[in-house]
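Take a look at the letters that make up each chain.
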Amino acid sequence: MKMINKYIDFITLRSYNLIGLSIVRIAIGVITLLILLANFQTRFDLWENSLFNTTHIHLNHVGINIFYFVLVLSCIIYILGVESIIFNIYIYIMIYLLYGFNNYILDGGNNILIIVLFYMIFTRNAQYFSLYQGGNCSQFKNCIHNIFLFLILFQVCVLYFFAGFAKARGDMWFSGIAPYYIFQIDTFTMAWVKGLFNFVINSTLLLLIISYSAIFMQMLFPVLIFNRITKLIVVIGSIGFHISIILFMGLVTFGLIMISLDLLFINDFQYKKLYRKIREKRYMNIKQKGDYI
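This one's a predicted model, so the numbers in the text were calculated from it and none came from an experiment.

### Overview of the environment of isoleucine 152
- Structurally, isoleucine 152 is set in helix α7 (residues 139-168).
- The buried category is assigned to isoleucine 152, whose relative accessible area is 0%.
- Expressed as a C-alpha distance, the spacing of isoleucine 152 and glutamine 139, which sit 13 residues apart in the sequence, is 20 Å.
- Apart from residues no more than four positions distant in its own chain, isoleucine 152 is found in contact with Leu21, Val116, Tyr119, Met120, Leu261 and Leu264.

In structure tokens, the structure reads:
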């Protein structure tokens, strides 16, 4: 009974990872805004009577304009932060419709984003970096928040594990051929890194390092991320991996959502501790400059 009461207290007395969830909220809003603003000139071609519309809802020019500008405004409000379950449901429906109107233009990040966005409905994701943080939180709200936070973390772990498992089953990843073919696809290559790609694909050692790093980092992510010693290494490695995807392959929205989900594994205490260290270091630098002057 003592053990059961301990776990009940753990899940009901406070809400966890509020800073991380606020970062995920901002990332989702920014990603959606990027999709909307980047396709402003072609919004009618992409979302009006698209052949890839899975919603069975078809809008004309006026409807697309209304939907487009309302969603832009809604994303800005979502980024600024409003703690309301009704508003979270509304945002989920709007973004779900956006993806459903034309899922052909997306880069895969939308799959994990829409799952996480549903879980976000039941979390307190506007406690930091927000305009309206809501009132006091009951034990029931804490419990619901923590359950859906766990579901998000679990979903990310499942995603990483099976991504690594799928790679481990393929001979191309063990031989290092897979990154070679990826770097050869112009559709997923930024023009300004062509020279670097040529250097990488001509090095068997680098291709093997990339392959094995991706396999082991993803498969071992669910284990290493919950270890206090290895967590920082895994988070930094995963963020670096997704930054390289953004810079080299141009998968911006996919990379951004995965980076924000990596940051969710850092708890509030660790964020505040890091913030204090940065402030102390900044204060010492200012003090040293003042003494020098």
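Next comes the rest of the account.
### Observations regarding unusual backbone geometry
- Residues other than glycine seldom take positive phi values, yet asparagine 17 does so here, at roughly 55 degrees.
- The exposure class of asparagine 17 is buried, given its relative accessible area of 9%.
- The phi angle at histidine 56 is positive, at roughly 65 degrees, despite the residue not being glycine.
- Its location among the elements puts histidine 56 in the loop between α3 (43-47) and α4 (61-80).
- Exposure remark for histidine 56: the relative accessible area of 72% places this residue in the exposed category.

### Thoughts on the pattern of salt bridges
- Applying the stated criterion across every chain, the model contains one salt bridge.
- One salt bridge in this structure joins arginine 124 and glutamate 83, with 4.0 Å as the shortest N-O distance. Of this pair, arginine 124 sits in the loop between α6 (109-120) and α7 while glutamate 83 sits in the loop between α4 and α5 (85-101), and the two are 41 residues apart along the sequence.
- The class of arginine 124 is buried, set by a relative accessible area of 13%.

### Some thoughts on α5
- Its 17 residues give α5 an end-to-end C-alpha distance of 24 Å, which sits within 8% of 24 Å, the value for a rise of 1.5 Å per residue.
- Among the residues of α5, Phe87, Asn88, Ile91, Tyr92, Met94, Ile95, Leu97, Leu98, Tyr99, Gly100 and Phe101 are the ones counted as buried.
- Turning to α5, the residues buried within the fold contact α2 (18-38), α3, α4 and α6.

### A short note on α4
- Taking 1.5 Å as the rise per residue, α4 with 20 residues should run 28 Å; its terminal C-alpha atoms sit 29 Å apart, in good agreement.
- On the buried face of α4, the contacting elements are α2, α3, α5 and α6.
- Capping the start of α4 is the job of one residue whose side-chain oxygen sits 3.2 Å from the backbone nitrogen of valine 62: asparagine 60.
- Note on α4: the residue one or two positions beyond its end, glycine 81, has a positive phi of about 100 degrees.

The rules behind these values
- Residues numbered from 1 in each chain as written.
- Predicted model: local features only at pLDDT ≥ 70, side-chain atom pairs only at ≥ 80, totals over all residues.
- Heavy atoms only, no water.
- Helix = DSSP H or I, 4+ residues; strand = E, 2+ residues; numbered from the N terminus.
- Buried < 20%, exposed > 50% of the residue type's maximum accessible area, 1.4 Å probe, protein only.
- Contact = heavy atoms within 4.5 Å.
- Salt bridge = Lys/Arg side-chain N within 4 Å of Asp/Glu carboxyl O.
- Expected span 1.5 Å × (residues − 1).
- Polar contact = N/O pair within 3.5 Å; in protein donor to acceptor, adjacent residues only side chain to side chain.

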